[in-house]
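Descriptive analysis of the structure
Below, each chain spelled out in residue letters.
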Amino acid sequence: MPSTVPARATPACLFRSEPCAALDRAGLPWRVAFSSANLGGLWAAARARLGITVRTALCLPAGVEVLPSGSSGLPSLPTLELALHRAETQPSEPVQLLQSLIREALEESLPH
């Protein structure tokens, strides 16, 4: 690992603020090596090994490596809460079906 952690992130994002704060708390120097307003740009930078980024493992593209939590001398990160919001108190049947499909897909994909 280089002496300064090269980070990639989207501006003003929880996936940026939390890791940066964790690096600061651990006393690890870091710098922004790449910034993008879209996830595609971050994935491209990750594949090019321009630095590290923090994302969920959902929809991880080929060529992007996952570093296990606490590995490579990097600090562990907190878990994030995921919430699904809808506008109606009594949603229509299609909205209820979509909600169910999203929950099922996430329950299969995310660690418990």
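For the structure itself, look to the data block above.
Just so you know, these numbers come straight off a predicted model, no measurement behind them.

Describing the packing of aromatic side chains
The geometry of an aromatic ring pair comes down to the distance between the two centres and the angle between the two planes. Summed over all chains, the structure comprises 0 aromatic pairs. We note Arg-55 situated over the ring of Phe-15; from NZ or CZ to the ring centre the distance is 4.5 Å.

Topic: the environment of Arg-49
Residue position: Arg-49 is located in the loop between α2 (39-47) and α3 (93-109). On the basis of relative accessibility, which here comes to 62%, the residue Arg-49 falls in the exposed class. Between the C-alpha atoms of Arg-49 and Gly-63, which are 14 residues apart in sequence, the distance is 9.8 Å. Separated by 3.5 Å, the side chains of Arg-49 and Glu-65 make a polar contact.

A few points about α2
For α2, every residue scored as buried is listed here: Gly-41, Leu-42, Trp-43, Ala-45 and Ala-46. Positive phi shows up at Arg-49, right after α2, with a value of about 60 degrees.

Section: the pattern of salt bridges
Between side chains of opposite charge, pairing is possible as soon as their charged atoms come close. Taken as a whole and judged by the stated rule, the model has 1 salt bridge. The salt bridge partner of Arg-49 is Glu-65, with a shortest N-O separation of 3.5 Å. Remark: Glu-65 occurs in the loop between α2 and α3 and Arg-49 occurs in the loop between α2 and α3; sequence separation between them is 16 residues. Taking relative accessible area as the criterion, Glu-65 reaches 52% and is therefore assigned exposed.

Describing the environment of Ala-44
Looking at where Ala-44 falls in the secondary structure, it is placed in helix α2. When the C-alpha atoms of Ala-44 and Gly-63 are compared, they prove to be 9.3 Å apart, with 19 residues separating the residues in sequence.

What to know about helix α1 (residues 14-25)
The terminal C-alpha atoms of α1, which comprises 12 residues, lie 16 Å apart, in line with the 16 Å expected from a rise of 1.5 Å per residue. Two residues or fewer after α1 comes Gly-27, characterised by a positive phi angle close to 70 degrees.

What counts as what
- Within each chain, residues carry numbers counting from 1 in the order of the written sequence.
- In view of the model being predicted, local features appear only for residues whose pLDDT reaches at least 70, and side-chain atom pairs are presented and counted only at 80 or more, with totals across whole chains, interfaces and linings using the full set of residues.
- Excluded from the side-chain calculation are hydrogens and water; included are all heavy atoms of the structure.
- Each Phe, Tyr or Trp ring (for Trp, its six-membered ring) is paired with any other whose centre lies within 6.5 Å, and the angle between the two planes then decides the class: stacked below 30 degrees, edge-to-face above 60, tilted in between.
- Two limits define a charge over a ring: the Lys NZ or Arg CZ must be within 6 Å of the ring centre, and within 35 degrees of the ring normal.
- For the purposes of this entry, the term helix denotes a DSSP run of H or I that reaches at least four residues, the term strand denotes a run of E that reaches at least two, and both are numbered from the N terminus.
- For every residue, the accessible area (1.4 Å probe, protein chains only) is compared with the maximum for its type, and the residue is labelled buried under 20%, exposed over 50%, or partly exposed between those bounds.
- Counted as a polar contact is a pair of N or O atoms within 3.5 Å, where, for protein atoms, one must be capable of donating a hydrogen and the other of accepting one, and residues adjacent in sequence contribute only when both atoms are in side chains.
- Every case where a carboxyl oxygen of Asp or Glu lies within 4 Å of a side-chain nitrogen of Lys or Arg is listed as a salt bridge.
- The length a helix should cover is 1.5 Å for every residue beyond the first.

Just distances and angles here, no functional claims.
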